[in-house]
Amino acid sequence: MCVDNYPPERLDSPLFTSRSSEIYSWEGSRLLKLFNAEVDPFLIENEKINTIEAYQKGVTKVKCYGMIQIENRTGMIIECVDGKPLISLAGSHPMTAFSVPRLMVELQLQLHQTQTDIIRSYKEMVIASLDTPPLAFLSTKEKEIIMTRLAFLPDGNSILHLDYHPDNIMSDRQSATIIDWMTAARGVPAADVAATLYLLNEGEMIPGLNKVVALALESVRKYLCKHYLKEYQRTTGMTDAEIAPWRLPFLIVRLGVWNIESEVLILQKKIRAALNE
């Protein structure tokens, strides 16, 4: 389905607002994910492709019903899944926080055990990111070093989410599913684990939180990070040495694809530090 020129006045207030989109109620049990006008159309197209592939492979309950155009903004009509984000669920039911790391690992392992040749290559995603304006601070020599390191890393065809954290897992306490597939790629599981470790340890918190809430969430995610990694490694045998080389590629993708203004200088410093390790 593709609908053009849907009247914006017919939309209610958004149910949720993120950095890149707003979520609205739609017909029946569906939602409209309306992307901000400045979001790269290439990323929107990738989210459509990724969502369709993930649904067909059985690793998400989010079904894509088609695209819609509302003035200068593109939207994707998707299935509404029951529940709340895991981080919100843990806030309202504190005892569930102890089971979050294991649930995160169980869902992520389903991804990593699922192969794809449809979703874009993670290594190609890293290479493309090197040519974006936020990475222009790197010299030609530094980019050559990155390309050499990347060439020695394995490829792989597992589905990687690359924005995998409790806010992108919906749960009704009976079942859970992964949402938000814009940055998904195919590659090796260690790359996705490195991304999750960064997001839980170092990623910017949700903008606008008051200091008390921010401190509480920071403590929660540090707990989740420690126990998530322990559980993933216990289950799979994956080592720190397998994960470590994927930190630099994720820093590059985080800067080149997300390009969050408040993170730019921080990520540039982290990339330089990773290059010197």
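A brief report on the enclosed structure follows. All values reported here derive from a predicted model rather than from experimental measurement. Residue positions are counted from 1 within each chain, in the order its sequence is given. Note on the predicted model: pLDDT of at least 70 is required for a residue's local features to be given, and 80 or more for side-chain atom pairs to be given and counted; whole-chain, interface and lining totals, by contrast, use all residues. Excluding hydrogens and water, the side-chain values take into account all heavy atoms of the structure.

1. With respect to the sheet that holds strand β7 (residues 84-85)
Pairing is antiparallel across the open sheet formed by three strands, whose spatial order is β7-β9-β10. Bordering the open sheet on either side are β7 and β10 (176-178), each of which pairs with just one other strand. Sitting on the sheet, helix α3 (residues 100-112) touches β9 (169-171) and β10, and the angle it makes with β10 is about 50 degrees. Strand pairing requires that DSSP identify at least two bridges connecting the strands. For helices the rule is a DSSP run of H or I covering at least 4 residues; for strands it is a run of E covering at least 2, with both sets numbered from the N terminus onward. Throughout, a residue-residue contact means that at least one pair of heavy atoms, one from each residue, lies within 4.5 Å. Every angle, taken between N-to-C directions, lies between 0 and 180 degrees, and every axis is a line fitted to C-alpha atoms, over only the stretch in contact when it is a helix.

2. Focus on the pairing of strand β3 (residues 21-25)
The rule is simple: take the accessible area with a 1.4 Å probe, protein chains only, and divide by the maximum for that residue type; under 20% is buried, over 50% is exposed, in between is partly exposed. The buried fraction of β3 amounts to four of the five residues, a majority that puts the element mostly inside the structure. Alignment of strand β2 (residues 16-17) against β3, held across two bridges, turns out to be antiparallel. Residue pairing across strands places Thr17 opposite Glu22, the latter belonging to β3. Following β2, the chain reverses through three residues before pairing antiparallel with β3. Pairing analysis gives five bridges linking β3 to strand β4 (residues 30-35), with the strands arranged antiparallel. Residue Ile23 lies in a different strand from β4, and its bridge partner there is Lys33. Here β3 hands over to β4 after four residues, with Gly28 in that stretch at a positive phi of 60 degrees.

3. Comments concerning the packing of aromatic side chains
Two aromatic rings are characterised by how far apart their centres lie and by the angle between their planes. Any Phe, Tyr or Trp ring, taking Trp's six-membered ring, that has another such ring centre within 6.5 Å forms a pair; planes under 30 degrees apart are called stacked, those over 60 apart edge-to-face, and the others tilted. Per the counting criterion, the structure on display carries four aromatic pairs. Judged by centre distance (6.3 Å) and plane angle (50 degrees), the rings of Tyr228 and Tyr232 are tilted. Here Tyr228 pairs with Tyr232, and both are found in helix α7 (residues 211-236), just four residues apart, close to one helical turn. The same class applies to Tyr228 as to Tyr232, namely buried. Taken together, a centroid distance of 5.8 Å and an interplanar angle of 65 degrees make the contact between Phe250 and Trp258 edge-to-face. In this structure an aromatic cluster arises from ring pairing among Tyr198, Phe250 and Trp258. Lying over the aromatic face of Tyr65, Arg30 brings its terminal NZ or CZ to 3.6 Å of the ring centre. One residue, Arg254, lies across the ring of Trp258, its end atom 5.0 Å from the ring centre. Distance and angle both matter: a charge sits over a ring if NZ of Lys or CZ of Arg is within 6 Å of the ring centre and within 35 degrees of the ring normal.

4. Brief notes about the nonpolar core
Think of a nonpolar core as a cluster: buried Ala, Val, Leu, Ile, Met, Phe, Trp, Tyr and Cys residues, connected wherever their side-chain atoms sit within 4.5 Å. In this structure, Tyr122, Tyr228 and Ile271 are the most contacted members of the largest nonpolar core, which totals 75 residues. Element by element, the count of residues in this core is highest for helix α6 (residues 189-201), at nine residues. For Tyr228, the contacting residues outside a window of four places in its chain are Pro101, Met104, Val105, Gln108, Val193, Thr196, Leu197 and Leu200. The next biggest cluster of nonpolar side chains, apart from the first, holds eight residues, and it includes Leu11, Tyr24, Ile70 and Ile77.

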